[in-house]
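Spelled out from the first residue to the last, the chains are:
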Amino acid sequence: MVTQPPLILASASPRRTQLLDQIGIQHEVRPADVVEVAPYPMAPAEYVAYLSNKKARAVAKADEIILAADTVVSIDGLILEKPLNRLAAKQMLRQLSGRTHHVLTGVTIVMNDHVETFTVTTEVRFAKLSQDWIMRYTETDEPYDKAGGYGIQAVGGLFVEAIAGDYYNVVGLPIHPIAKRLEAFGIKPEFA
C-alpha cells in the first residue's frame with residue numbers, strides 16, 4: 001500500500017480548516033509565521049500570490065504537500081486586509097457599502113520542487129449599509145479576523161446583495177480548484 005504524503009495547511013484560519021474538513025480532505029495545521037508585507041507596491045492579485053507563496057515556503061519540509069492561502073478584499077485598487085480596530089472596521093464597511101468589490105485569494109501548493117501558485121477572484125456587491133448596522137456589527141468580534149472586515153459565512157452575509165464567482169473564495173479558500181489540483185498528489189475529497 002502506497003502512503004500519501006501528509007497535507008499541511010500553512011494557516012491558522014479556522015475557516016480554512018473547516019472548509020478542508022467539509023470536503024473530507026485530511027490535513028495537519030502548521031501556521032506560517034511570516035511578516036505579511038509586500039517588498040514593493042503590488043497589485044492585489046500579485047500581492048496574494050506573493051504572500052501565499054511566502055507562507056508555503058516558510059513551512060515546507062521534504063516530501064510534504066503544503067497548502068497556503070492569503071485572502072484580501074480590493075476596492076478602487078486598494079487592498080483591504082483585516083481591520084486592526086473598530087475604527088478601521090467601520091471605515092472599511094463604509095467604503096464597501098452600496099458598492100462592488102473583489103475578494104482575491106492567492107493559493108500555493110508546494111511539494112519538494114513542485115510549486116504552483118494561482119489566484120481566484122470573486123466579485124461581491126454590498127447593499128447600502130445603515131450606520132446602525134455598521135455600529136452594531138463592529139461591536140461584535142466578527143470583523144476583526146477577516147479581510148475587508150466582514151464574514152460572508154456569518155452575520156456579515158447580511159451585507160451581500162450578490163456575488164459573481166466562487167463563494168468559498170470569499171470565505172477564504174476556493175475549494176474546487178484546490179481539490180482538483182490536490183488530486184494530482186493522490187489527495188482526494190471524501191464523499192461521506
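Please read all numbers here as calculations on a predicted model, not as lab measurements.

Rules used throughout
- Residues numbered from 1 in each chain as written.
- Predicted model: local features only at pLDDT ≥ 70, side-chain atom pairs only at ≥ 80, totals over all residues.
- Heavy atoms only, no water.
- Salt bridge = Lys/Arg side-chain N within 4 Å of Asp/Glu carboxyl O.
- Buried < 20%, exposed > 50% of the residue type's maximum accessible area, 1.4 Å probe, protein only.
- Helix = DSSP H or I, 4+ residues; strand = E, 2+ residues; numbered from the N terminus.
- Contact = heavy atoms within 4.5 Å.
- Arc of directions from axis to C-beta.
- Core = buried A, V, L, I, M, F, W, Y, C linked by side-chain atoms within 4.5 Å.
- Axes fitted to C-alpha atoms, helices over the stretch in contact; angles between N-to-C directions.
- Left-handed = near helix turned anticlockwise from the far one by under 90°.
- 1 Å grid on protein atoms, 1.4 Å probe; cavity = no way out; pocket = protein on both sides within 12 Å on 5 of 7 lines; lining within 4 Å.
- Points joined across faces, edges and corners; volume = space filled by probe spheres on them.

Draft legend 1. Representation of the pattern of salt bridges. In total, this model carries 11 salt bridges according to the counting rule given. The partner of Glu183 in a salt bridge is Lys180, and the shortest N-O contact between them spans 3.9 Å. Given the relative accessible area of 34%, Glu183 is considered partly exposed. Counted as one network, the salt bridges with shared partners bring together Arg15, Asp145 and Lys146.

Draft legend 2. Representation of the side chain of Thr122 within the structure. When you line up the elements, Thr122 lands in strand E6 (residues 114-126). Residues within four places of Thr122 in sequence aside, it is in contact with His101, His102, Val103, Ile163, Ala164, Gly165, Asp166, Asn169 and Val170.

Draft legend 3. Representation of helix H4 (residues 131-138) in the model. Restricting attention to buried positions, one finds in H4 the residues Ile134, Tyr137 and Thr138. Down the axis of H4, the smallest arc covering the buried residues is 90 degrees, so these residues share one side. Lining the buried residues of H4 we find helix H3 (86-96).

Draft legend 4. Fine view of the nonpolar core. Counting residues in each nonpolar core, the largest one holds 40 residues, and the members touching the most others are Ile25, Ile65, Leu67, Leu93, Phe126, Tyr150 and Leu182. The leading source of residues in this core is strand E3 (residues 65-75), at 5 residues. The residues touching Leu67, leaving out its near neighbours within four places in the chain, are Leu7, Ile8, Leu9, Ala10, Leu20, Val107, Thr108, Ile109 and Ile178. One finds Ala10, Val59, Ala68 and Val110 within the second-largest nonpolar core, a separate group that totals 7 residues.

Draft legend 5. Layout of the packing of H3 against H4. Close contact between H3 and H4 brings their axes to 10 Å; oriented N to C, the two are set at 145 degrees. In terms of crossing hand, the pair formed by H3 and H4 is right-handed. Along the contact surface, H3 presents Arg86, Ala89, Lys90, Leu93 and Arg94, while H4 presents Gln131, Ile134, Met135, Tyr137 and Thr138.

Draft legend 6. Quick peek at the layout of surface pockets. Estimates place the volume of the largest pocket at around 490 Å³. What lines the largest pocket is a set of 28 residues, and nearest its centre among them are Ser13, Arg15, Arg16, Lys82 and Asp145. Elements supplying a minimum of two residues to the lining of the largest pocket: helix H1 (14-22), E3 and helix H5 (167-171). The greatest single-element share of the lining of the largest pocket, amounting to 4 residues, is contributed by E3.

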